Amino acid sequence: MATETLSPRALNRATLARQLLLDRSDLPAVAAIEHLAGLQAQAPDSSYVGLWSRLRDFRVDDLAKPLVAREVVRSTLMRGTVHLVTAEDGLALWPTIKPVVERGFLGHYSREVAGLDLAAIAEAGRRLLAERPHTRPEIRTALADRWPDADPAVLAYAVNSLLPLAHVTPRGLWGQRGPVAFSLLEDWIGEPITDGVSLDDLVLRYLTAFGPATVRDARIWSGLTKLKEVFERLRPRLRTFTDAEGKELFDVPDAPRPDPETPAPPRFLPEYDNVLLSHADRARVIPDGRRVPLPPGNGGRRGTLLVDGDFLAVWAIKEATLTIESRKPLRDQDLIAEEGTHLLEFVVPGESHDVRFGIDG
């Protein structure tokens with residue numbers, strides 16, 4: 001029997017459905033975060049907009065309260081980047097993802113840490129953070145006396161990369177500012193690190209949230225290598241397809257794969273949204289190959305816009321005005337403006353709102 005070929009549009013609709021971007025979901029925020037296998041979250045306010053675009057009637061407290069209750073946590077995980085995950089996932093993912101985080105650190109700082117006892121640095125960091133949460137400058141200052149010849153900033157990054165840490169609240173609460181303070185993940189959640197999620201289960205979680213996908217797609221999302229043997233081991237449990245270029249795609253059998261002609265409403269995505277960053281071939285959501293903007297800041301006031309499922313514009317909110325810029329005039333501007341007005345009501349409630357369209361460059 002010939003293997004079914006999935007068009008870029010079919011892949012787009014499947015991915016949007018898994019990502020809760022075709023129809024807003026009634027899932028509670030914590031359950032949605034679990035389903036999505038986490039949200040990329042180095043810009044702390046971005047997760048609020050990411051969930052607002054995915055969940056029906058989402059409110060700030062729907063995420064803020066679980067953060068304060070430590071039911072969800074921001075921690076360095078997949079790809080060595082900050083993710084918002086459930087507490088249970090944070091404890092289980094760290095042992096599996098730890099090599100990715102360590103490899104990223106050593107890739108950046110191998111020369112600076114040559115000759116240093118990294119195990120001793122990690123242990124010193126563990127003892128320090130067991131006392132109370134510390135900011136990165138505080139970690140630098142505390143470790144500098146013991147390793148006077150080392151770059152204090154590198155010492156702090158070593159602690160951040162060698163230990164499972166949580167970004168503690170109030171950082172991560174909507175609109176809060178200030179430096180990141182770190183706690184040991186186990187101390188913050190109040191439970192021990194687990195034995196780790198198996199690679200088989202991690203791949204199945206990825207396919208559920210991002211499939212159909214190639215082996216390389218899963219590598220890009222996780223940062224892990226040597227996943228081909230995992231996919232081969234799982235092959236009897238998976239469905240296989242090919243994409244328009246003939247690459248083999250894997251998927252969990254019962255996951256949604258909507259009709260390619262299913263309408264896709266406009267969706268405002270925040271900075272660093274995983275739907276744009278979690279595949280080696282991004283053509284399913286970025287047909288023209290444009291770069292995903294990665295602006296600095298706390299997030300929540302700029303990002304990207306999906307039109308008919310494709311990344312076609314960027315957006316920014318200044319005061320109570322939403323500006324949408326695209327390379328050419330967008331279709332369905334009335335629908336986009338309506339969704340944009342709802343976004344403004346979420347981000348800057350109680351103001352007189354304005355939505356403007358412009359041409360980039």
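Before going into details, it helps to say that this report is about the structure given with it. Source: prediction; values computed, not measured. (Residues numbered from 1 in each chain as written. Predicted model: local features only at pLDDT ≥ 70, side-chain atom pairs only at ≥ 80, totals over all residues. Heavy atoms only, no water.)

**Let's talk about the sheet that holds strand S11 (residues 302-307)**
In plain terms, the rule: Between any two strands, at least two bridges found by DSSP are needed for them to pair. Each helix corresponds to a stretch of at least 4 residues labelled H or I by DSSP, and each strand to a stretch of at least 2 residues labelled E; elements are numbered beginning at the N terminus. Here the axes come from fitting lines to C-alpha atoms, over the contacting stretch only for helices, and the angles between their N-to-C directions go from 0 to 180 degrees.
Spatially, five strands are ordered S10-S11-S12-S13-S14 in an open sheet, and the strand pairing comes out mixed. Each edge of the open sheet carries a strand with a single partner, namely strand S10 (267-270) and strand S14 (354-359). Strand-to-strand, the axes of this sheet are offset by a mean angle of 30°, without reference to chain direction. Inspection of the sheet shows S11 paired to strand S12 (residues 310-318) by six bridges, in the antiparallel sense.

**Focus: the pattern of salt bridges**
Side chains carrying opposite charge are able to pair once their charged atoms draw close together. Where we set the bar: By definition here, a salt bridge exists when the distance from a side-chain nitrogen of Lys or Arg to a carboxyl oxygen of Asp or Glu is within 4 Å. Burial classification: accessible surface area is computed with a 1.4 Å probe over protein chains only, and a residue below 20% of its type maximum counts as buried, one above 50% as exposed, and the rest as partly exposed.
On inspection of all chains with the given rule, the structure shows 27 salt bridges. With a closest N to O distance of 2.8 Å, Arg-235 and Glu-248 form a salt bridge. Here the residue Arg-235 occupies a position in the loop between helix H12 (228-234) and strand S8 (239-243), and Glu-248 occupies one in strand S9 (residues 248-251), the gap between them amounting to 13 residues. A relative accessible area of 27% places Arg-235 in the partly exposed class. Among the charged side chains, a network of salt bridges with common partners joins Arg-9, Arg-13, Glu-261, Asp-308 and Arg-331.

**Some remarks on the pairing of S9**
Inspection of the sheet shows S8 paired to S9 by four bridges, in the antiparallel sense. Pairing of Thr-242 across the sheet is with Glu-248, part of S9.

**Considering the nonpolar core**
For clarity, the threshold we go by: To form a nonpolar core, buried Ala, Val, Leu, Ile, Met, Phe, Trp, Tyr and Cys residues must be joined to one another through side-chain atoms within 4.5 Å. Whether two residues touch is decided by their heavy atoms; if any such pair falls within 4.5 Å, the residues are in contact.
Residues Leu-93, Ile-97, Leu-207 and Phe-231 are the most contacted members of the largest nonpolar core, which totals 39 residues. If near-sequence neighbours (up to four positions away) are discounted, Phe-231 is found in contact with Val-203, Leu-207, Thr-214, Val-215, Ala-218 and Phe-250. One finds Tyr-48, Ala-64, Ile-317 and Ile-324 within the second-largest nonpolar core, a separate group that totals 37 residues.

**Some words on helix H4 (residues 61-68)**
Within the sequence span of H4, burial applies to Leu-63, Ala-64, Pro-66 and Leu-67. Of the surrounding secondary structure, the elements contacted by the buried residues of H4 are helix H2 (29-35), helix H3 (46-52), strand S3 (72-76) and strand S4 (82-86).

**A word on the packing of aromatic side chains**
The following threshold applies: A pair of Phe, Tyr and Trp rings is counted when the ring centres sit within 6.5 Å of each other, with Trp represented by its six-membered ring. The angle between the planes then sorts it: under 30 degrees is stacked, over 60 is edge-to-face, the rest tilted. As a reminder, the over-ring test applies to NZ of lysine and CZ of arginine, requiring each to be within 6 Å of the ring centre and within 35 degrees of the ring normal.
Across all of its chains, the model carries eleven aromatic pairs by this definition. Ring centres of Tyr-109 and Tyr-157 lie 5.8 Å apart, and the angle between their planes is 20°; on these two criteria the pair is classed as stacked. One end of the pair, Tyr-109, is in helix H5 (residues 87-113); the other, Tyr-157, is in helix H8 (residues 152-162), and 48 residues separate them in sequence. Judged by relative accessible area, Tyr-109 falls into the partly exposed class, the value being 22%. With centroids separated by 5.3 Å and ring planes inclined at 20°, the aromatic side chains of Tyr-206 and Phe-210 adopt a geometry described as stacked. Of this pair, Tyr-206 and Phe-210 both sit in helix H10 (residues 199-210), four residues apart, which is roughly one turn of that helix. In this structure, Tyr-206 and Phe-210 share a single accessibility class: buried. Taken together, the aromatic side chains of Tyr-48, Trp-52, Phe-58, Trp-174 and Phe-346 make up a single cluster linked through ring pairs. In this arrangement the basic side chain of Arg-24 is found over the ring face of Trp-52, its NZ or CZ atom lying 4.6 Å from the centre. Cation over ring: Arg-70 sits above Trp-188, and NZ or CZ is 3.4 Å from the ring centre.

Function-wise, these values are silent; they only describe arrangement.
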